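# Observations on the model geometry
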Amino acid sequence: MDDRICAGFAGAVGRTPLIRLARFSEESGCDILGKAEFMNPGGSVKDRAALYMVLDAERRGLLGPGGTVVEGTAGNTGIGLAHICNARGYRCVIVIPETQTREKIDLLRTLGAEVHTVPAKPYRDPDNYQKIAGRMAADMDNTIWANQFDNTANRQAHYETTGPELWEQTGGRIDAFVAATGTGGTLAGVSRYLKEQRRDVRCILADPSGSGLYRYVTTGHPDVVGGNSITEGIGSTRVTANLEGSPLDDALMIPDQEAVTTVYRLLHAEGLFLGSSSGINVAAAMHVARQLGPGHTIVTVLCDGGGRYYSRLFNAEWLAGKGLHA
């Protein structure tokens, strides 16, 4: 097949552009570069992990024709899995906290996934959405639990694709990579690859309030800092198998208001309609630029589009109810 033509949905995942954020770069004196993961065919960075987890299950003989993929998700991994299941002939069952945006829940159902919304519970609770998904999968034949948090095929996706793409797109000129994380897959996979190319590339975790990962990186213990964040799918109170042992140099905690302000600046100054994770990532990249000084290249991830958060992040009344403003 012509290498300019993708082989279905799976063939279109990855190879996303790297965008220089002109206004942010000008202000910082650095090149602030965003990996345009919202341009994946399923609309987010999670398409990579979803594809690799399914391919890994197929290779290992865990998922046969007509099988079922079950996953607990805050939305984007489930959306990626629903697309891939449609393309490869699998049934998709999603367990999602009812606190996630209506846009993502509706999209999952539109894609044909069987969606179970459940009350939001901490990971230690047996009725946490991930644990419910695991129990459901265990009771079904020809079924896998994708288990994105502890399935290291997630991390491998970014080690084999995202990291090499960034290295090639920058010609190896990366001084720092910064990203928020939930499962740990993107940050861990990219950091491992970049550190193998050049040990002095700084790899930095960006964290919202209410998460324990900032303290994990800075002190070794995942102690929670701050109250709940409005962000979805990032932050954690535990260290996942994907994140464990990753070569991270530092961590930053980004307040919700700074993330929201950055999201709106990305829209109005750069023309990019993005979600809250991208706001945290770019805000953290600016902090790193100030730490390093002018003339450096800082790379981050533009995770998904703003349309999945329209009723909240782009709703002034909802933001005001959270003590935030556009």
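Look up a bit, the structure's there.
Residues numbered from 1 in each chain as written. Predicted model: local features only at pLDDT ≥ 70, side-chain atom pairs only at ≥ 80, totals over all residues. Heavy atoms only, no water.

## Thoughts on the sheet that holds strand S4 (residues 91–97)
Ordered by their spatial adjacency, 4 strands build an open sheet running S5-S4-S3-S6, and the pairing between neighbours is parallel. If you trace the sheet from one side to the other, it starts and ends with strand S5 (114–118) and strand S6 (143–145), each paired once. When strand polarity is set aside, the average angle formed by the axes of neighbouring strands in this sheet is 15°. Pairing analysis gives 5 bridges linking strand S3 (residues 68–72) to S4, with the strands arranged parallel. Across the sheet, Val70 pairs through a bridge with Val93, a residue of S4. (Pairing = 2+ DSSP bridges. Helix = DSSP H or I, 4+ residues; strand = E, 2+ residues; numbered from the N terminus. Axes fitted to C-alpha atoms, helices over the stretch in contact; angles between N-to-C directions.)

## Focus: the packing of aromatic side chains
Tallying each qualifying case throughout the model produces 3 aromatic pairs. By the ring-pair criterion, three or more aromatic residues cluster together here, those being Tyr264, Phe273 and Phe314. Positioned over the ring face of Tyr123 is Arg238, at 3.9 Å from the centre of the ring. The aromatic ring of Phe24 is capped on one face by Arg265, whose charged end is 4.8 Å from the ring centroid. (Phe/Tyr/Trp six-rings, centres within 6.5 Å; stacked < 30°, edge-to-face > 60°. Lys NZ or Arg CZ within 6 Å of the ring centre and 35° of its normal.)

## Re helix H3 (residues 46–59)
Relative to the 20 Å expected for 14 residues at 1.5 Å per residue, H3 spans 20 Å between its end C-alpha atoms, a close match to the ideal helical length. Those residues of H3 lying buried are Lys46, Asp47, Arg48, Ala49, Ala50, Leu51, Tyr52, Met53, Val54, Asp56 and Ala57. Those residues of H3 that are buried are in contact with helix H1 (8–12), strand S2 (31–36), S3, helix H4 (76–88), S6 and helix H7 (153–169). Just downstream of H3 lies Gly61, where phi reads positive at about 75°. (Expected span 1.5 Å × (residues − 1). Buried < 20%, exposed > 50% of the residue type's maximum accessible area, 1.4 Å probe, protein only. Contact = heavy atoms within 4.5 Å.)

## Here we look at the nonpolar core
If you look at the biggest cluster of nonpolar residues, it comprises 27 residues, and the most contacted ones within it are Val54, Leu63, Val69, Leu81 and Cys92. Within the residue set of this core, elements represented by two or more residues are H3, H4, S4 and helix H5 (102–110). When residues of this core are assigned to their parent elements, the largest contribution, 6 residues, is made by H3. Non-local contacts of Leu81, meaning those with residues more than four positions away in its chain, are made with Ala50, Val54, Val69, Glu71, Cys92 and Ala146. Core analysis: the second largest hydrophobic core is formed by 26 residues, Val178, Leu266, Leu272 and Leu274 among them. (Core = buried A, V, L, I, M, F, W, Y, C linked by side-chain atoms within 4.5 Å.)

## Details of the packing of H3 against H7
A pair of packed helices can be characterised by two numbers: the angle between their axes and the separation between those axes. Running from N to C, H3 and H7 point in directions that differ by 125°, and their axes come no closer than 8 Å. Between H3 and H7, the interaxial angle falls into the category oblique. For the element pair H3 and H7, the recorded crossing hand is right-handed. Contacts between H3 and H7 involve Arg48, Ala49, Tyr52, Met53 and Asp56 from the first element and Ala153, Asn154, Gln156, Ala157, His158, Glu160, Thr161, Thr162 and Glu165 from the second. (Parallel < 35°, antiparallel > 145°, perpendicular 65-115°, else oblique. Left-handed = near helix turned anticlockwise from the far one by under 90°.)

Bear in mind that shape data such as this cannot, by itself, settle questions of function.
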